[in-house]
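Results of the structural survey
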Amino acid sequence: MKINAIGETLQEEFMALIVQKYGGTSVGTIERIESVAAKIKKYQDEGNQLVVAVSAMSGETNRLIALAEQISERPDRREMDVLVSTGEQVTIALLCMALHKIGCKARSYTGGQVRILTDSAHSKARIQSIDGEKIREDLQNNRVVVVAGFQGVDEEGNITTLGRGGSDTTAVALATALKAEECQIFTDVDGVYTTDPRIEPRARRLDRITFEEMLELASLGSKVLQIRAVEFAGKYNVPLRVLSSFEEGQGTLITTEEEGMEEAKISGIAFNKDEAKLTIRGVPDQPGVAYKILGPISDANIEIDMIVQNVGSDDTTDFTFTVHRSEYAKALEILRGIAGELEAREVKGDDSIVKISLVGVGMRSHAGIASTMFAALAKEAINIQMISTSEIKVSVVVDEKYLELGVRCLHQAFQLDADPVSV
Ligand code: ADP
Ligand code: ASP
Ligand code: MG
C-alpha cells in the first residue's frame, strides 16, 4: 500500500512524483539537513519519486550580499548572481551526502545543469523552460534529484537568480515541467496563517486558500511564498502545499476556488514594512501634472505602489504615493528636483510607515468590510494615512509603530483569531 504526503492511500501501481522544497531554516544546520534527508527517505520508501529544491542555509544569502557590499555599493549584477547562487550549491551537495549516508541514491544539480533556462534579468530572472530529461532518467534509476533553488542560466550560459525567496519558484517550475502530483513547500511554519504568526500569535492556520488570495497576500507583503511561485502555480494549476519541516501535519493547500470552500469574508491580513510615502503639496490642479510628477519617478526605474490625489481646491492639489523603502532617498531627490518647475508648495516624505491589508474573495459578496476595518483602527486611535481598495483587498497606510496593534485589532475585528480551545 502506498500513502501520499497527506496520508491518502494510493493505488499500488501508482508512483507519485512529488516536488518538495526545503527553505533556509529547514536546512540551516547539518543536523537539520540530516533530518530533511530522513524525511525525504521516508517519502521515497512510501513509493514516491522525489525531486527536491533547496535554499541556501539560513543567513547565507544575506552573508554573501554583505560581502559584496563591502567591496561596492552597486556591485555588477552578473557577478552578484554568480556570488549569491553559491549558497544553494552548498546545500545540494550536503543534502545528497546526507541522503547517501542513509542509503538513499541521490544526485545534486545546479540550476544550469538541469537547464533552468531564464531570461537575462540578473537578480530577478524569469524561468522560461526546464529540461526534464536528465531528471526523469535519474528518477527512473530510483535516485532522489536535488536541485539548487533560486538559480538558473540564460541563453548565453550566464548564471541568473530569481529574486529573494526564489527557491519557491524553482520548486513550482520543476513541478510544472515534470507534471508532479503536488508541489510541497516545507518551511518553518506549518502552513499559511491568517496573518504572520510572528506578529499575531493567535493567527490560525488555513486548511486551504485560493491561488488568487495567496497571490494577493504575497503581493501585499506575506513572505511565506514568493509571488512568482504563486503566479506560476495558479497559471499551470499545480497543487501547492505549504507544510512544516519540523512537525507532521497537512499544512495549507493552495488551490482553485471551490464552491463553499470558505465562507469567510476575510482570509488573511498582510503587511508590508518596506514602503515609504512621498507627498508633493500645492501643485497646479490641471491636466498633465500627475504625469509630470510620476514620469521622472518611473524613468528612474522606481516602482510606484499606492497613489492618492486629493480633490483640488484653489486650483491646486496634493499628490501622495508610495515606493519601496530602498528607493525612498532617490525618489525624494527627484521630487525635490521637479518641485520648483511645478511651483509646488512643499515636498514631504515619511519612511516610517507600514501598509496593512485585508484580503479575501468573500469581499466580493459582503459589504461593509472597509467600514469595519476603519472602525477597528479608530477604536485603537490609529490614524489612517492612505487607503486603497480593489476587488479582494483593502489596504491602509499607518505609522509603523502601529504595525502589531493594527494587525491584531483587525485580526480580532474580523474574527480570525484561533479558537481559544485549540490554542
Ligand atoms: P523559508 O526560508 O522556508 O523560505 P520564509 O521565511 O521565506 O521561509 O517563510 C516563512 C515565514 O513566513 C514564516 O516564518 C512567517 O514568519 C512568515 N509569514 C508571513 N506571513 C505569513 C502567513 N500568512 N502565514 C504563515 N507564515 C507567514
Ligand atoms: N536563498 C535565497 C534567499 O534567501 C532564495 C530562497 O531562499 O528562496 O532569498
Ligand atoms: Mg521563503
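Residues numbered from 1 in each chain as written. Chains lettered and ligands numbered in written order. Predicted model: local features only at pLDDT ≥ 70, side-chain atom pairs only at ≥ 80, totals over all residues. Heavy atoms only, no water.

In this section: the sheet that holds strand β8 (residues 144-148). Pairing is mixed across the open sheet formed by eight strands, whose spatial order is β5-β8-β4-β3-β11-β13-β14-β12. Looking along the sheet, the strands with just one partner apiece sit at the ends: β5 (106-109) and β12 (208-210). Each strand axis lies, on average, 20° off the axis of its neighbour in the sheet, ignoring direction. Of the pairings in the sheet, the one linking strand β3 (residues 17-22) to strand β11 (residues 182-187) comprises five bridges and is parallel in character. Counted as the bridge partner of Val-19 is Cys-183 from β11. The strands touched by helix α1 (residues 30-45) are β3, β4 (49-54), β8, β11 and β13 (240-244); relative to β3, the strand with the most contacts, the crossing angle is about 170°. (Pairing = 2+ DSSP bridges. Helix = DSSP H or I, 4+ residues; strand = E, 2+ residues; numbered from the N terminus. Axes fitted to C-alpha atoms, helices over the stretch in contact; angles between N-to-C directions. Contact = heavy atoms within 4.5 Å.)

This part covers helix α3 (residues 77-84). Since the α-helix packs 3.6 residues into each turn, any two residues three or four apart lie on the same face. The set of residues buried in α3 consists of Met-80, Asp-81 and Val-84. Relative to the axis of α3, the buried residues are bounded by an arc of 100° and lie together on one face. Against α2 (60-71), α4 (86-101) and β10 (159-161) lie the buried residues of α3. In this structure Asp-76 caps α3, since a side-chain oxygen of it lies 3.1 Å from the backbone nitrogen of Arg-78. (Buried < 20%, exposed > 50% of the residue type's maximum accessible area, 1.4 Å probe, protein only. Arc of directions from axis to C-beta. Polar contact = N/O pair within 3.5 Å; in protein donor to acceptor, adjacent residues only side chain to side chain.)

It is the contact of helix α7 (residues 211-219) with helix α8 (residues 227-235), at a shortest axis distance of 9 Å, that shows an interaxial angle of 165°. On the basis of their axis angle, the class for α7 and α8 is roughly antiparallel. Between α7 and α8 the crossing geometry is left-handed. Of the residues in α8, those touching α7 at Phe-211, Met-214, Leu-215, Ala-218 and Ser-219 are Ile-227, Val-230, Glu-231, Ala-233 and Gly-234. Of the residues that constitute the contact of α7 with α8, the class distribution is seven nonpolar, two polar and one charged. (Parallel < 35°, antiparallel > 145°, perpendicular 65-115°, else oblique. Left-handed = near helix turned anticlockwise from the far one by under 90°. Nonpolar A, V, L, I, M, F, W, Y, C, P; charged D, E, K, R; others polar.)

The environment of ligand 1 is formed by 16 residues, the closest being Thr-187, Asp-188, Tyr-193, Asp-196 and Arg-198. Within the side chain of Asp-196, a nitrogen or oxygen atom sits 2.8 Å from an oxygen atom of ligand 1. Here ligand 1 loses 84% of its free accessible area of 570 Å² to cover by the protein chains. Here the residues of the shell around ligand 1 are counted per class, giving five nonpolar, six polar and five charged. (Near = heavy atom within 4 Å. Areas by Shrake-Rupley, 256 points an atom, 1.4 Å probe, with all protein chains shown as cover.)

Looking now at the site of ligand 2. The immediate surroundings of ligand 2 are formed by Ser-55, Ala-56, Thr-61, Glu-88, Phe-150, Arg-164, Gly-165, Gly-166 and Ser-167. In the environment of ligand 2, a nitrogen atom lies 2.7 Å from a nitrogen or oxygen atom belonging to the side chain of Glu-88. Bound to the protein, ligand 2 loses 86% of the 260 Å² it would expose on its own. Broken down by class, the residue content of the shell around ligand 2 amounts to two nonpolar, five polar and two charged.

Let us now look at the sheet that holds strand β15 (residues 268-272). Pairing is antiparallel in the open sheet, where four strands are placed in the order β15-β20-β22-β21. Each edge of the open sheet is held by one strand with a lone partner, namely β15 and β21 (386-390). Along the sheet, successive strands turn relative to each other by an average axial angle of 20°, direction set aside. As judged from the five bridges shared by β15 and strand β20 (residues 353-359), these two strands associate in the antiparallel manner. Directly across from Gly-268, in β20, lies its bridge partner Val-359.

For the rest of this paragraph, the subject is unusual backbone geometry. At Arg-115, a residue that is not glycine, the phi angle is positive and equals roughly 45°. In this structure, Arg-115 sits in the loop between β5 and β6 (116-118). A positive phi angle, near 65°, is found at Asn-301, a position not held by glycine. By the secondary structure assignment, Asn-301 is in the loop between α9 (289-299) and β17 (304-309).

With 42 residues, the main nonpolar core has Val-51, Cys-183, Leu-240 and Ile-254 as its most contacted residues. Ranked by residue count, the leading element in this core is helix α6 (residues 167-178), at six residues. The contact partners of Ile-254, leaving out residues within four places of it in the chain, are Val-192, Ile-209, Thr-210, Phe-211, Met-214, Leu-225, Pro-239, Leu-240 and Val-242. Grouped together as the second largest cluster of nonpolar side chains are 25 residues, Val-27, Val-52, Val-54 and Val-146 included. (Core = buried A, V, L, I, M, F, W, Y, C linked by side-chain atoms within 4.5 Å.)

Right, let's get into the pattern of salt bridges. What the rule picks out here adds up to 22 salt bridges. Of the charged contacts in the structure, one is a salt bridge between Lys-223 and Asp-274, with a shortest N-O distance of 3.0 Å. With a gap of 51 residues between them, Lys-223 in the loop between α7 and α8 and Asp-274 in the loop between β15 and β16 (275-284) connect regions that are remote in the sequence. In this structure, Asp-305 and Lys-355 form a salt bridge, with 2.5 Å as the shortest nitrogen-oxygen distance. (Salt bridge = Lys/Arg side-chain N within 4 Å of Asp/Glu carboxyl O.)

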